[in-house]
Amino acid sequence: MADETPVAAPTPETKDEATMTSELVERLHFFFSNANLRQDKWMRNEMKENGCITLDQLLKFQTIKSISTDKTLLVKAAAELTDEITCDAEKEELRRVVPFDWETMGDGSHLSLCCKNVPLTEEEKSEGEKAFYGTKHEYDVTRDEMKALFEPYGKVGIVKLRFGRKEGKAYPLGIAIIEFENEEGMAKASAELLPKEGEESAAKSLEIKGNKLTFEKVMPMKCFQHKSKRARDDDKDKQEEEEEEETKFEPVKVEMVKGCVIALTGLSDETCDRESIREAVSDILKVTKDIKTSGLYVDYTRGATSGNLRLTESKPEEMKELVSKLNDGTVLIANAKVGSAKMLEGEEEVAYWKGFEEFLNNRKKADLEEKRQKKKQKRFSGKGRGGGRRRQ
């Protein structure tokens, strides 16, 4: 009977030198490629400022150090890419043979297809999550699987799986950008997968995991449209800087107002909500029950057992009376006595306001990130459009 004991996957310690060198060649080819440099601003800046990437820098790349941390193997791998990379072994520096510039290399749209209806997984989620994100929220394919699907047309430079963002959380759009390394591969794929002028369907269709894929051309980025001669690297950097400036984060500063916060514990995680808290405390605090005009903020998340009451101005007598009545059970919240109520003072009060400021800043960051993602999506989500960049 044959031995059915599973064979462990090779590790950097068990792989032979030839295998590791071959894998490093593939990684170096990718990192120094036009496809990667179009989306890797850090590498572009390093090579623009210093003209090279050092071996020490490369060994910090996760997919390189997972193969080997031996510099001599990196040098050996670079020696197999003499048409693309030059290596100074003494200085431990790698350079591109042809320097990258936007004027020559373009934005990659002329080598790219926008692929839609990419398979997504369905996972168990709450009703609220389904309403917010939909039922599908992970890609059911890998970049390598998508790459293999298109390799028959030509060498694929990069596959970018597109994501949107809501409230700081990423979700898949079911879109992939396939960028070929050369025009020959793009031409072959376009001839079969894009409908010819005057025709409704393409010569061939592609499927993956039961999904029939649809294709569109990727439109050039704005700084590459309707221009004949210019330094596109400057335009490109300017566009990126403008986008970053528009979404520049400026932190919220909250000024602490002393004697305005009451901390509550022992709230019912089943029946308590903001409305029941507001209903129970408003009369004693002598504020209206209207959220916008009351000056009372209820910091509480449904299902929690603790929360806070925050007034815009201190009302010491009313607050002391409320705390006393909550603690002796005279005032109930959601028909239940609270565990404890107290006015925050000293370090506890400072900690509350610091936490409140942090909450506001995290929410602002999430809002800015969502706006930034929406701007990026416009490059490829409109009619007949595709594109955009995302680091792989």
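Residues numbered from 1 in each chain as written. Predicted model: local features only at pLDDT ≥ 70, side-chain atom pairs only at ≥ 80, totals over all residues. Heavy atoms only, no water.

J.: Help me out: how do you make sense of the overall build of the protein chain in this one?
T.: Counting its regular elements, the protein chain contains 14 helices and 15 strands. Taking all 392 residues of the protein chain together, 42% fall into the buried category. A fraction of 65% describes how many contacts in the protein chain between residues 6 or more apart in sequence connect residues 24 or more apart. A total accessible area of about 22700 Å² is found for the protein chain, and carbon and sulfur atoms account for 48% of it. (Helix = DSSP H or I, 4+ residues; strand = E, 2+ residues; numbered from the N terminus. Buried < 20%, exposed > 50% of the residue type's maximum accessible area, 1.4 Å probe, protein only. Contact = heavy atoms within 4.5 Å. Areas by Shrake-Rupley, 256 points an atom, 1.4 Å probe, with all protein chains shown as cover.)

J.: What is the right way to look at the packing of helix 1 (residues 17-31) against helix 6 (residues 71-78) in this model?
T.: The description of two helices packed together rests on the angle between their axes and the distance between the axes. In the contact formed by helix 1 and helix 6, the axes pass within 8 Å of each other and the chain directions differ by 65 degrees. Handedness of the helix 1/helix 6 crossing: right-handed. Together, Glu 17, Met 20, Thr 21, Leu 24, Val 25 and Leu 28 of helix 1 and Leu 73, Leu 74, Lys 76, Ala 77 and Ala 78 of helix 6 make up the contact between the two elements. Here the residues of the contact of helix 1 with helix 6 are counted per class, giving 8 nonpolar, 1 polar and 2 charged. (Axes fitted to C-alpha atoms, helices over the stretch in contact; angles between N-to-C directions. Left-handed = near helix turned anticlockwise from the far one by under 90°. Nonpolar A, V, L, I, M, F, W, Y, C, P; charged D, E, K, R; others polar.)

J.: Honestly, the packing of helix 12 (residues 274-285) against helix 13 (residues 316-328) in this entry has me stumped. Any pointers?
T.: Helix 13 packs onto helix 12 with a crossing angle of 135 degrees between their chain directions and a minimal axis gap of 9 Å. The angle between helix 12 and helix 13 falls in the class oblique. The two elements helix 12 and helix 13 meet at a crossing, and its hand is right-handed. Residues Val 281, Ile 284 and Leu 285 of helix 12 touch helix 13, and the partners they reach there are Glu 318, Met 319, Glu 321, Leu 322 and Lys 325. When the residues that make up the contact of helix 12 with helix 13 are grouped by side-chain class, the tally is 5 nonpolar, no polar and 3 charged. (Parallel < 35°, antiparallel > 145°, perpendicular 65-115°, else oblique.)

J.: Any chance you could explain the packing of aromatic side chains here in plain terms?
T.: Centre distance and the angle of the planes are the two values used to describe a pair of aromatic rings. Tallied over the entire structure, the rule returns 8 aromatic pairs. Measuring from ring centre to ring centre gives 5.6 Å for Tyr 352 and Trp 353, while their planes differ by 85 degrees; the resulting arrangement is edge-to-face. With relative accessibility at 12%, the residue Tyr 352 sits in the buried group. Judged by its relative accessible area of 8%, Trp 353 is buried. Among the aromatic residues, those joined into a ring-pair cluster are Phe 30, Phe 31, Trp 42 and Phe 61. The ring of Phe 31 has Arg 27 sitting right over it, with the charged end atom 5.2 Å from the ring centre. Sitting over the face of the ring of Phe 356, Arg 310 holds its NZ or CZ atom 3.9 Å from the ring centroid. (Phe/Tyr/Trp six-rings, centres within 6.5 Å; stacked < 30°, edge-to-face > 60°. Lys NZ or Arg CZ within 6 Å of the ring centre and 35° of its normal.)

J.: Please explain helix 1 as it appears in this structure.
T.: Structural remark: α-helix, 3.6 residues per turn; residues separated by three or four positions point the same way. Taking 1.5 Å of rise per residue, the 15 residues of helix 1 would be expected to cover 21 Å, and the 21 Å separating its terminal C-alpha atoms lies within 8% of that figure. Sitting at the amino-terminal end of helix 1 is Asp 16, which places a side-chain oxygen 3.1 Å from the backbone nitrogen of Ala 18. (Expected span 1.5 Å × (residues − 1). Polar contact = N/O pair within 3.5 Å; in protein donor to acceptor, adjacent residues only side chain to side chain.)

J.: Would you mind showing me how to read the pattern of salt bridges here?
T.: Side chains that differ in sign of charge can pair as their charged atoms come close. Per the counting criterion, the structure on display carries 17 salt bridges. The closest approach of N and O atoms between Glu 26 and Arg 27, which form a salt bridge, is 2.9 Å. Take Glu 26: its relative accessible area is 35%, and that puts it in the partly exposed class. Arg 27 gets classed as buried once you look at its relative accessible area, which sits at 14%. In this structure, Lys 71 and Glu 92 form a salt bridge, with 3.0 Å as the shortest nitrogen-oxygen distance. Separated by 21 residues along the polypeptide, Lys 71 in helix 6 and Glu 92 in the loop between strand 2 (85-88) and strand 3 (93-96) bring together distant segments of the chain. Residue class for Glu 92 comes out partly exposed when judged on its relative accessible area of 27%. (Salt bridge = Lys/Arg side-chain N within 4 Å of Asp/Glu carboxyl O.)

J.: Just to check I follow, could you spell out the nonpolar core for this structure?
T.: Soluble globular proteins: nonpolar side chains tend toward being buried together. One finds Leu 28, Phe 32, Met 43, Leu 58, Ile 64, Leu 74 and Leu 94 to be the most contacted residues of the largest nonpolar core, which totals 29 residues. Counting only elements with at least two residues in this core, the list comes to helix 1, helix 2 (34-39), helix 3 (41-50), helix 4 (55-58), helix 6 and helix 7 (102-105). Sorting elements by how many residues they give to this core places helix 1 first, with 6 residues. In contact with Leu 94, not counting residues within four places along its chain, are Leu 28, Phe 32, Cys 52, Ile 53, Leu 55, Leu 58, Ala 78, Ile 85, Thr 86 and Cys 87. (Core = buried A, V, L, I, M, F, W, Y, C linked by side-chain atoms within 4.5 Å.)

J.: Is there a simple way to think about the sheet that holds strand 2 in this case?
T.: Paired through their backbone hydrogen bonds, the strands of a sheet run either parallel or antiparallel. One open sheet holds the 3 strands; their spatial order is 1-3-2, and the pairing between them is antiparallel. Pairing within the sheet leaves two strands with one partner each, and these edge strands are strand 1 (53-54) and strand 2. As defined by bridge partners, strand 2 adjoins strand 3 across 4 bridges and the pair is classed as antiparallel. Residue pairing for strand 3: Cys 87 is matched across the bridge by Leu 94. (Pairing = 2+ DSSP bridges.)

J.: Got a minute to help me understand the sheet that holds strand 7 (residues 156-166) in this structure?
T.: Strand order in the open sheet formed by 4 strands is 7-8-4-11, with antiparallel pairing between adjacent strands. Among the strands making up the open sheet, the edge pair consists of strand 7 and strand 11 (214-217). Neighbour to neighbour, the strand axes of the sheet diverge by 30 degrees on average, direction disregarded. One ladder, built from 9 bridges, connects strand 7 with strand 8 (residues 169-180); its direction is antiparallel. Looking at strand 8, one finds that Lys 166 is bridged to Lys 169. The sheet strands contacting helix 9 (residues 143-150) are strand 4 (112-116), strand 7, strand 8 and strand 11, and the helix crosses strand 7 at an angle near 135 degrees. Across the sheet, helix 10 (residues 183-193) lies against strand 4, strand 8 and strand 11, angled at about 40 degrees from strand 4, the strand it touches most.

J.: Any chance you could explain the environment of Ala 187 here in plain terms?
T.: Inspection of the secondary structure puts Ala 187 in helix 10. Along the chain, Ala 187 and Tyr 153 lie 34 residues apart, while their C-alpha atoms are 8.5 Å from each other.

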